[in-house]
Amino acid sequence: MTVNSKNRGLLVVLSGPSGVGKGTVCAALRGMIPDIVYSVSATTRPPREGEADGVNYFFKTKEQFRAMIENDELLEWAEYVGNYYGTPRRFVEDTLNSGKDILLEIEVRGALQVKQRYPDGVFIFLLPPSLEELRSRIELRGTESDELIRGRMTVAAEELKQIENYDYAVINDRIENACSRIRSIIEAEHCRRERVVAGLQNWMTKV
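Reading guide: rules and limits
- Residues numbered from 1 in each chain as written.
- Predicted model: local features only at pLDDT ≥ 70, side-chain atom pairs only at ≥ 80, totals over all residues.
- Heavy atoms only, no water.
- Phe/Tyr/Trp six-rings, centres within 6.5 Å; stacked < 30°, edge-to-face > 60°.
- Helix = DSSP H or I, 4+ residues; strand = E, 2+ residues; numbered from the N terminus.
- Buried < 20%, exposed > 50% of the residue type's maximum accessible area, 1.4 Å probe, protein only.
- Lys NZ or Arg CZ within 6 Å of the ring centre and 35° of its normal.
- Pairing = 2+ DSSP bridges.
- Axes fitted to C-alpha atoms, helices over the stretch in contact; angles between N-to-C directions.
- Left-handed = near helix turned anticlockwise from the far one by under 90°.
- Contact = heavy atoms within 4.5 Å.
- Nonpolar A, V, L, I, M, F, W, Y, C, P; charged D, E, K, R; others polar.
- Expected span 1.5 Å × (residues − 1).
- Arc of directions from axis to C-beta.

### Re the packing of aromatic side chains
This structure, assessed with the given rule, holds five aromatic pairs. Aromatic pair Tyr57 and Tyr85: ring centres 6.2 Å apart, planes at 65°, arrangement edge-to-face. Remark: Tyr85 occurs in strand β6 (residues 83-88) and Tyr57 occurs in strand β4 (residues 57-59); sequence separation between them is 28 residues. Accessibility classification places Tyr57 together with Tyr85 in one group, the buried group. Among the aromatic residues, those joined into a cluster by ring pairs are Tyr57, Phe59 and Tyr85. Sitting over the face of the ring of Phe123, Lys115 holds its NZ or CZ atom 5.7 Å from the ring centroid.

### Section: the sheet that holds strand β8 (residues 122-127)
Strand order in the open sheet made by the five strands is β2-β7-β1-β8-β9, with parallel pairing throughout. Both outer strands of the open sheet, β2 (37-39) and β9 (168-171), are each paired with one neighbouring strand and no more. Between one strand and the next, the sheet's axes are offset by a mean angle of 25°, whatever the strand orientation. Of the strand pairs in this sheet, strand β1 (residues 11-15) and β8 are connected by four bridges, and their pairing is parallel. Each bridged residue has a counterpart across the sheet, and for Val13 the counterpart in β8 is Phe123.

### Let's talk about the packing of helix α5 (residues 131-141) against helix α6 (residues 146-159)
It is the contact of α5 with α6, at a shortest axis distance of 11 Å, that shows an interaxial angle of 145°. Of the two elements, α5 crosses α6, and the hand of that crossing is right-handed. Contacts between α5 and α6 involve Leu131, Leu134, Arg135, Ile138, Glu139 and Arg141 from the former and Ile149, Arg150, Arg152, Met153 and Ala156 from the latter. In terms of residue class, the contact of α5 with α6 is built from six nonpolar, no polar and five charged.

### Topic: the environment of Pro17
Looking at where Pro17 falls in the secondary structure, it is placed in the loop between β1 and α1 (22-32). C-alpha of Pro17 to C-alpha of Leu127: the two residues are 110 residues apart in sequence and 7.5 Å apart in space. When residues no more than four places from it in sequence are discounted, the contact partners of Pro17 are Lys22, Phe125, Leu126, Leu134, Ala156, Glu159 and Leu160.

### Regarding α6
Over its 14 residues, α6 extends 20 Å from the first C-alpha to the last, a length consistent with the 20 Å expected when each residue adds 1.5 Å. For α6, the complete set of buried residues consists of Ile149, Arg152, Met153, Ala156 and Glu159. One side of α6 holds all its buried residues, which, seen down the axis, span an arc of 120°. Exposed and facing more than 90 degrees away from the buried side of α6 are Glu147 and Thr154. On its buried face, α6 sits against β5 (74-80), α4 (108-117), β8 and α5.

Next comes the structure, spelled out in structure tokens:
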């Protein structure tokens, strides 16, 4: 018999302040780990240039999103700076049960909701090199007013206080460095004693 520590997939949750580069890191990480499944979130915010429905997000109206909440179709959801964000439940659960790892890129409040349901997940907080750098990255988007930027920075300061609820903190100084650190975290988590032993239960009792 062989050892199989991946009877159930690994839930990897990546979150952090808006503008920290979660989307860019996730895109690069998927190229580095081609077997990982990316969970596409639903949102009511309008698409940015280059974003496609069903690829970057499922873009919904607020009425459609509220219906998803009422029908318990979301693993988590949060309202952030006037828009809703959430994770469709069934796709995540089906992926984990198939034995595949899944990557969730979500806001901080949503991540804490997921942790209540999946405490054995791997929760990673992506940090900017500094708050000044975070503000600069948001400004470089050129898509938001000064008022909205100030709002995002206020929210970011509050979100940073939640870092104690995460398992790991990764500084996004350079994309390739951040991805390398996250890949190392995932590899190490697959070697955790609890996960490996869970995969051994079927044949350890026969020894």
